[in-house]
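One letter stands for each residue in the lines below.
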Number of protein chains: 4
Amino acid sequence: MQASQSASPPIPDRSALADRYLSTRGRSVDLCSPLALEDYGVQPMPDASPPKWHLAHTSWFFETFILSEHVEGYQPFHPAFETLFNSYYNGVGKPFPRVRRGMLSRPTVAEIVDYRQFVDEHLLLTLPELSDELAARVLLGLHHEQQHQELLLTDIKYNLGNNPLRPAYNSKLPDPAGGTLALERIAFDGGLIEVGCAGGEFAFDNEFPCHQQFLAPYSLANRLTTNAEFQAFIDDGGYQTASLWLSEAWDWVGRESINAPLYWADDGSEYRLGGSGARVANAPACHLSFFEADAFARWAGARLPTEAEWEHAAQTTAIEGRFASLAPDDPLHPQGVSCVPAQEKLAQLFGDVWEWTQTAYGPYPGYQAAAGALGEYNGKFMSSQRVLKGGSVATPPGHIRCSYRNFFYPADRWQFSGIRLAFDR
Amino acid sequence: MQASQSASPPIPDRSALADRYLSTRGRSVDLCSPLALEDYGVQPMPDASPPKWHLAHTSWFFETFILSEHVEGYQPFHPAFETLFNSYYNGVGKPFPRVRRGMLSRPTVAEIVDYRQFVDEHLLLTLPELSDELAARVLLGLHHEQQHQELLLTDIKYNLGNNPLRPAYNSKLPDPAGGTLALERIAFDGGLIEVGCAGGEFAFDNEFPCHQQFLAPYSLANRLTTNAEFQAFIDDGGYQTASLWLSEAWDWVGRESINAPLYWADDGSEYRLGGSGARVANAPACHLSFFEADAFARWAGARLPTEAEWEHAAQTTAIEGRFASLAPDDPLHPQGVSCVPAQEKLAQLFGDVWEWTQTAYGPYPGYQAAAGALGEYNGKFMSSQRVLKGGSVATPPGHIRCSYRNFFYPADRWQFSGIRLAFDR
Amino acid sequence: MQASQSASPPIPDRSALADRYLSTRGRSVDLCSPLALEDYGVQPMPDASPPKWHLAHTSWFFETFILSEHVEGYQPFHPAFETLFNSYYNGVGKPFPRVRRGMLSRPTVAEIVDYRQFVDEHLLLTLPELSDELAARVLLGLHHEQQHQELLLTDIKYNLGNNPLRPAYNSKLPDPAGGTLALERIAFDGGLIEVGCAGGEFAFDNEFPCHQQFLAPYSLANRLTTNAEFQAFIDDGGYQTASLWLSEAWDWVGRESINAPLYWADDGSEYRLGGSGARVANAPACHLSFFEADAFARWAGARLPTEAEWEHAAQTTAIEGRFASLAPDDPLHPQGVSCVPAQEKLAQLFGDVWEWTQTAYGPYPGYQAAAGALGEYNGKFMSSQRVLKGGSVATPPGHIRCSYRNFFYPADRWQFSGIRLAFDR
Amino acid sequence: MQASQSASPPIPDRSALADRYLSTRGRSVDLCSPLALEDYGVQPMPDASPPKWHLAHTSWFFETFILSEHVEGYQPFHPAFETLFNSYYNGVGKPFPRVRRGMLSRPTVAEIVDYRQFVDEHLLLTLPELSDELAARVLLGLHHEQQHQELLLTDIKYNLGNNPLRPAYNSKLPDPAGGTLALERIAFDGGLIEVGCAGGEFAFDNEFPCHQQFLAPYSLANRLTTNAEFQAFIDDGGYQTASLWLSEAWDWVGRESINAPLYWADDGSEYRLGGSGARVANAPACHLSFFEADAFARWAGARLPTEAEWEHAAQTTAIEGRFASLAPDDPLHPQGVSCVPAQEKLAQLFGDVWEWTQTAYGPYPGYQAAAGALGEYNGKFMSSQRVLKGGSVATPPGHIRCSYRNFFYPADRWQFSGIRLAFDR
């Protein structure tokens, strides 16, 4: 959550907050509307939660941290939900085991929809009277819900894309476009720069405090690595060449028999939310693990950027991209580009794929987690993960910013994650 | 399947077979009617398949072994179903991994209902023209479906009974009755006896050939072990006394922290298909593993019967019991008894709980599995399992007989399985 | 241990018992004499204990069950040894974890030799005054030690045979001979026969009581299955043909990538205690699991014998064989035969390889385990294992008899275990 | 290995190098001299290799990277050793599985001593004629051997300290002393500082290149955290308080039932290389994982230092400490201190315990691994590990420096690893 450290986020007025609450909450339900009822309950791997769990957990967040804690006389919708839909907050009690989320046929989807409405009604009723601190907490809950909106799309994709029938999430989605932009290195001077959130807008606690870092000169690729470029790595035996891989990565490749990005099939097709289709050569490679991104970069004679390099390069770039718009012409898949936007140095920084950095996810100097259970939001995961930047096509519009720090384990690849090369100079 | 060895089963005439087909197939769907749609897809442990998988697999059986193999011009409902709903027949190809059955949100329940109707229409169309051999195979398919009807109930119970909300399968089911019958030992002389199926009725291949065994004199308990008796074992520290347990069993108790029958709660209640309710002291203890049954018998100064002892004792007993009748007054749970039925020696032989025997499941002398993939039906499981006899409250009426051989691994306890004590004399 | 049930074993007079004690105890040490000191401590898999552990545990047996329990004033050699060298007797306390036996560099071999001498001195001192019951227990301890002598050889073989350097246990051992005996089926009428030990000699508790069984007519192969015959199974794709294997077996073959008997190398050689050498075509195939024996028999159109069939056939056969003689001309490996011994029906019944039966290891009717911790000797392992008969080249002379019941898990194959085919007739 | 990047290390003249070779190689053997022969072969956990493996692998390093690669006509001591004693260099072939190192009773210790002598003779013979590049590689091999000397001590300690008999490595070692120095915070201004090796001395490739980092002002504790301070954390329920732990750490605490530092016993004693003895209240706490160090720091209202903070603070400090001297008065265990050395700001920086930093182990900007298999030395482990600084009582004298980067996984605690607190200011 936002820290009190350097700068307070602006608290929206209560009426604007209520509007935002309604639209954000509604969008979660809308994202699920193409699903069959059966799709709401499946957990195809421990990390990919069932859609109905996401719908319940995001409601749990408002119920637990606002209604139950702070609204006098509030009676929870169901006494068992505090445990059932607690994701990982030990301060709230012992969460229901994550690996068993897909074994809960009850509550039904209809009951969870009722739960959402119950929470929404009570929240909206109390919203005008909430203190600034609690209103800020509502805002945090909406950003939290947006994070789960991205997970809804990636978890649904993992379920459907691993089903032998390969059903589309929405068969009307268009195919992604290709592009013609040639790869170039864009130089940055580095020096003493600032990273992190300076305040003035909402940000999570892990983006604070804004602080200085020193960077040597470096270059970044002007665009993302494409499917064609990644195919060249494969064709060159990349997955069979131990010297390209970190030791942990090489173990992972052997143990899991990894030989292509997730969702790539042997026949040249890939699974997209629109269904199976031919891979687009100049579209960005995605669904790559850090391990694969790192090996590809080594093969290419390059490296992955550090978080600070990426953030510094992005600080002057407008945040535009192909976020999960739910518009009928959005393929919900990254597309190629043919030019760098005017006034920008780099293409595809925001809203295409999450870009792996080499930076291990850790606290900024002076980082303070929030007090109480909400302090578990981000801080306790600062171990063994890597930072990703820039958002993806599954990220909700308005959710991303330069200082945003996403983090996943190095073998994770069910997010829309890809590669921007970096170079010393 | 039935063997050609000693005696051919009677082939029902085609019209009677069609009636039987319709009623058996319909009963599978009826068993699921109390479910929420969400309940059809859940696999709460690897051994407990989703209800919709059972509905599909039983159709797959008729499609694979009759329609696809023997009906000219038949086009399968869906090309992927041959693999998706193959349980374990390596002769049919590589089955979809059992542990992932609960991760298939597609095909939907509606699609599987369509699949059932498609298979039914084609099967009924071809039935009048089938050879005797194939008509016998249809009969086998119906007995196969009855086995899955029992699994439907036990798998549904496992799912709902392990859900923290403990929803009832059918909340209108009555509570089980108790009973007052005192425990007695009923003596049998043994000698050279016959076990197995002598023919004249349907039986699975593993019940053939009928053959002689020699038995020393023995006694059996006149009724099943009750909840109260099993509670006395617990109160005496049974689960903490190594000397009562087989070595494998003791490891299991420690590893799985077992300290009570499945579905027993600390507050004296148990989960039944009708929901949670107080345990009935004189109702049969059930949902016990072989390991627990064997330890209890040792604690009681007794032992478990051999299969031959049980079968010999049952050969003169009428097959009456509390099978899964779907009648509104059937609790779908074993009940106590107050007397031994007239003309019988033993109470509760059929249709209460499956009774663990000490006999390892293996082939009878001269056993021959069927040719082809159907030979995988029973024979390949003759390793590390124990025989159970007598059927349970979840067994379909008409499905049980003296020679019937059920088999499960010694730690399995999600079936309605219990204890009848035996004694040397 | 021997049961009091049907007949008491003869108690040797104390002087003969002392002689036997000395020779048996000495033989354990002699078996280890070819080893390097480093070989005494290695545990190459959980089931294969380090030689020094065997040397200590067999001493622990006498110390625990005679000296500590029954000799007034006896002070154990070391207080920690009661736990360290307890194999599996929960009645004596919590055994040191089996899987960590190879991680005990201390006590050293020299300390264990001291332990043996300490126990021997005290045992021999007290022996003349022991009651008949305790003298019988000493006899049991010597049979126990003989069992560990066989394990010493097989565990040493497993260690050295899996070491990449393939060092010989004793490089002077001769190669095994071949043979010319053609395979024939020898018919037995069956009927009401007796199995188990009738008394008059030492036997373990699991061989009692002697009892009747009824057998249908059957045939047994006149000799063991040879390497050449097993090679034909392999050449015919036996390891790749699912229909030949039990379901558990097929899982094992795939999971462990099994494609030949243990110790067979791709170049036609095998590892023997004398070192690597060319396989002898007509010598018995050995180091086979039950799973492999069962699959081979199915491929050969035969089956494995039941324990009762084997025992009945062997009851008129003299117990002669190639037991672990430690004579310089003993290859410590099974050899081929060219004729059936005069007055016998079957060759190679005793002292070649342990012959897998299809019989699950379980209690005989009326079986009673001994009281106290010694009751854990045999009875608690009557689960998921199969009976083997006849002894092997690693069995000490004088240790085997018709009623002897060895037992191992169906995937175990580091013993000298092989195949004698059986047939219905 | 040292990089050519910024500065070449001084190549010792050949005669000095030969002297250094002899003394370093001899020291490895000397470290093992207190062992029983049985202790050389044991691998008590996958990460702790047998002493004889260390003795062989360090010889393998010289044989593989100098003799076999660069000396014409050199015949390896044994053809199997290239694989057997390859630790993790995929460029040299497929290493023998790490987890099975303790299952190799052969080669014997005597054979490995012969191997060492064979390698030494050939290396010393060729040394005068080696190119500067290969002489630098010999120097690298000696630093490599010193790293294994530390592992010898910690692996031996793990073996003996987990043996139920708790034998001493050397029972004559004195007990560690306590100390009286009060805890203080020493302030540093930070700013633009330099980290990494500037050249002029030997350093590993991961210490290059020397580069700038920007640090905010910070403080470090003037001494290490003591046993008494860590005991207060335990007494305050530290191991039971989820909010103090990273998420991965909390899982580890629960899964492994961690409730005290490694080697601490419930009776107030600890195992040291000198045997079990009372814990010394003011001696440094050691054998702590990163997870424990991080939780302790959070409990103490502090944090762990970053690598750059530690290195900057240490740059003006003389490298003196209690390294593994093998002198009779060295307890081979960290001791307390009563004052900060004159001219220093901080006590116990070098040679007491490795100090966990919060810094994830990764490449310095511009890092280049060596070409060929030697490039696997350090670079491929830059994933999921944390940096430790300063050396320990088990580090060989002369092996440590400010820029030295040790790295272990966050749950590892069999090294002499401890805590220096850091603070924002």
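Residues numbered from 1 in each chain as written. Chains lettered and ligands numbered in written order. Predicted model: local features only at pLDDT ≥ 70, side-chain atom pairs only at ≥ 80, totals over all residues. Heavy atoms only, no water.

## Quick look at helix α9 (residues 307–314) of chain D
Within α9(D), 7 of the 8 residues are buried, leaving the element largely enclosed by the surrounding structure. Among the residues of α9(D), E307(D), A308(D), E309(D), W310(D), E311(D), A313(D) and A314(D) are the ones counted as buried. (Buried < 20%, exposed > 50% of the residue type's maximum accessible area, 1.4 Å probe, protein only. Helix = DSSP H or I, 4+ residues; strand = E, 2+ residues; numbered from the N terminus.)

## Focus: the relation of the copies chain C and chain B
In screw terms, the move from chain C to chain B is a rotation of 180 degrees and a rise of 0.0 Å along the axis, fitting with an RMSD of 0.0 Å. The operation mapping one copy onto its partner corresponds to a two-fold rotation axis. Residue S384(C), judged by its C-alpha, is the member of chain C lying nearest the rotation axis, at 2.3 Å. A shared binding surface is used by both copies, with 100% of the interface residues of chain C retained as interface residues in chain B. (Least-squares fit on C-alpha atoms with pLDDT ≥ 70 in both. Contact = heavy atoms within 4.5 Å.)

## Quick look at the relation of the copies chain B and chain A
Mapping chain B onto chain A leaves a residual RMSD of 0.0 Å; the transformation is a rotation of 180 degrees accompanied by 0.1 Å of translation along its axis. Residue by residue, 97% of the interface of chain B is reproduced at the interface of chain A, so both copies engage with the same surface.

## Quick word on the state of the cysteines
In total, this model carries 0 disulfides over all chains according to the counting rule given. C197(A) provides the cysteine sulfur closest to C402(A), a residue in no disulfide bond, and the two sulfurs are 10 Å apart. (Disulfide = S-S within 2.5 Å.)

## Side note on the pairing of strand β8 (residues 386–389) of chain B
Residue and element names in this part refer to chain B. A two-sided burial pattern is seen for β8, the buried positions comprising R386 and L388 on one face and V387 and K389 on the other. Two elements, strand β7 (residues 354–360) and β8, share 3 bridges in a ladder whose sense is antiparallel. For A360, the partnering residue across the bridge sits in β8 and is R386. One ladder, built from 3 bridges, connects β8 with strand β9 (residues 406–408); its direction is antiparallel. Paired with V387 across the bridge in β9 is F407. (Pairing = 2+ DSSP bridges.)

## With respect to the environment of A36(C)
Examined against the element boundaries, A36(C) turns out to sit in the loop between α1 (14–32) and α2 (51–70). Distance from A36(C) to I11(C), taken between C-alpha atoms, is 38 Å for residues 25 residues apart in sequence. Here A36(C) is in contact with R106(D) and T108(D), once residues within four sequence places are set aside.

## So, the packing of helix α1 (residues 14–32) of chain A against helix α4 (residues 109–126) of chain A
Residue and element names in this part refer to chain A. At a minimum axis separation of 11 Å, α1 and α4 run at an interaxial angle of 175 degrees. When the axes of α1 and α4 are compared, the pair comes out roughly antiparallel. Along its contact with α1, which presents A18, Y21, L22, R25, S28 and V29, the element α4 presents R116, V119, D120, L123 and L124. Taken together, the residues of the contact of α1 with α4 break down into 7 nonpolar, 1 polar and 3 charged. (Axes fitted to C-alpha atoms, helices over the stretch in contact; angles between N-to-C directions. Parallel < 35°, antiparallel > 145°, perpendicular 65-115°, else oblique. Nonpolar A, V, L, I, M, F, W, Y, C, P; charged D, E, K, R; others polar.)

## Describing the sheet that holds β9(B)
Residues and elements named next belong to chain B. The mixed open sheet is built from 4 strands, whose spatial order is β9-β8-β7-β10. Both outer strands of the open sheet, β9 and β10 (417–418), are each paired with one neighbouring strand and no more. The sheet strands contacting helix α9 (residues 307–314) are β7 and β8, and the helix crosses β8 at an angle near 15 degrees.

## Some words on the arrangement of the chains
At the level of C-alpha atoms, the two units chain A and chain C stay apart, their nearest approach being 14 Å. Chain B shows no contact with chain D. Their nearest C-alpha atoms sit 14 Å apart.

## Quick word on the interface of chain C and chain B
Accessible area lost upon the coming together of the parts is a frequently used measure of interface size. With 25 residues of chain C in contact, the opposing surface of chain B contributes 25 residues. When chain C packs against chain B, the two sides together hide about 2,000 Å² of surface, and 53% of this comes from carbon and sulfur. At the boundary of chain C with chain B, the tally comes to 0 salt bridges. In this structure, the connection of chain C to chain B is made through 8 residue pairs in polar contact (both at pLDDT 80 or more). Residue assignment for the side of chain C that touches chain B shows that the elements contributing at least two residues are β3 (211–215), α7 (247–256) and β7 (354–360) of chain C. Residues belonging to the side of chain C that touches chain B are distributed by class as follows: 12 nonpolar, 9 polar and 4 charged. (Buried area = accessible area lost by both parts, 1.4 Å probe. Salt bridge = Lys/Arg side-chain N within 4 Å of Asp/Glu carboxyl O. Polar contact = N/O pair within 3.5 Å; in protein donor to acceptor, adjacent residues only side chain to side chain.)

## Focus on the packing of α2(C) against helix α4 (residues 109–126) of chain C
Residue and element names in this part refer to chain C. The contact between α2 and α4 brings their axes to 9 Å, and the two run at 30 degrees. In terms of their interaxial angle, α2 and α4 are classed as roughly parallel. Once α2 is placed against α4, the crossing between them reads as left-handed. For the pair formed by α2 and α4, the contact residues are K52, L55, A56, T58, S59, W60, F62, E63, I66 and L67 on the first element and V109, I112, Y115, R116, V119, H122, L123 and T126 on the second. Residue composition of the contact of α2 with α4, by class: 11 nonpolar, 4 polar and 3 charged. (Left-handed = near helix turned anticlockwise from the far one by under 90°.)

## Re the pattern of salt bridges
If charged atoms from side chains of opposite charge come close, those side chains can pair. Summed over the entire model, instances satisfying the criterion amount to 88 salt bridges over all chains. E145(A) is the partner of R25(A) in a salt bridge, and the nearest nitrogen-oxygen pair spans 2.9 Å. With R25(A) in helix α1 and E145(A) in helix α5 (residues 132–162), the pair connects residues that are 120 residues apart, well separated along the chain. Relative accessible area serves as the criterion here: at 2%, R25(A) is assigned to the buried category. Notably, a salt bridge pairs E376(C) with K380(C), separated by 2.6 Å at the nearest N-O pair. On the basis of relative accessibility, which here comes to 10%, the residue K380(C) falls in the buried class. Through salt bridges with shared partners, one network takes in R25(A), R116(A), D120(A) and E145(A).

## A short note on the interface of chain B and chain A
Contacts between the two partners involve 29 residues from chain B and, on the opposite side, 28 residues from chain A. In terms of surface lost to chain A, no three residues of chain B exceed E38(B), R106(B) and L165(B), which account for 30% of the buried area on that side. There are 2 salt bridges connecting chain B and chain A. A salt bridge links D39(A) to R106(B); the nearest nitrogen and oxygen atoms lie 2.4 Å apart. Within the residue set of the side of chain B that touches chain A, elements represented by two or more residues are α4 (109–126) and α5 (132–162) of chain B.

## Observations regarding the side chain of E63(A)
All names here are of chain A. Topologically, E63 is positioned in helix α2 (residues 51–70). No salt bridge is formed by the buried E63; the nearest opposite charge belongs to R25, separated by 9.6 Å. Engagement of the side chain of E63 in a polar contact is seen with the side chain of Y74, the distance being 2.5 Å. Side-chain polar atoms of E63 contact the side chain of Y115, separated by 2.9 Å. With sequence-adjacent residues up to four places away left out, E63 is seen in contact with S68, E69, Y74, P76, F77, Y115 and V119. (Lys, Arg positive; Asp, Glu negative; His and termini not counted.)

## With respect to the pairing of strand β5 (residues 269–272) of chain D
Residues and elements named next belong to chain D. Of the two faces of β5, both are covered, the one formed by S269 and Y271 as well as the one formed by E270 and R272. Pairing geometry for β5 and strand β6 (residues 275–278), over 4 bridges, is antiparallel. Counterpart to E270 in the pairing with β6 is G277. Here β5 folds back onto β6 in antiparallel fashion, the turn holding 2 residues.

## A closer look at unusual backbone geometry
When glycine is set aside, most residues are seen to have a negative phi, and most peptide bonds are trans. Here the residue pair F208(B) and P209(B) is connected by a cis peptide bond, since its omega of -15 degrees sits within 30 degrees of zero. The residue S257(A) is not glycine, and still its phi comes out positive at about 50 degrees. With respect to the helices and strands, S257(A) occurs in the loop between α7 (247–256) and β5 (269–272). Residues other than glycine seldom take positive phi values, yet Q343(B) does so here, at roughly 65 degrees. Position of Q343(B) among the secondary structure elements: in the loop between α9 and β7.

## Brief notes about the packing of aromatic side chains
In total, this model carries 156 aromatic pairs over all chains according to the counting rule given. Aromatic side chains F188(C) and Y218(C) sit 5.2 Å apart centroid to centroid with 15 degrees between the ring planes, which places their arrangement in the stacked category. Highlighted residues: F188(C) in strand β1 (residues 185–188) and Y218(C) in strand β4 (residues 218–221), separated in sequence by 30 residues. The class of Y218(C) is buried, set by a relative accessible area of 0%. Across from the ring centre of W53(B), 3.6 Å away, lies the NZ or CZ of R101(B), which sits over that ring. Note that R405(C) overlies the ring of Y364(C), its terminal NZ or CZ placed 3.9 Å from the centroid. (Phe/Tyr/Trp six-rings, centres within 6.5 Å; stacked < 30°, edge-to-face > 60°. Lys NZ or Arg CZ within 6 Å of the ring centre and 35° of its normal.)

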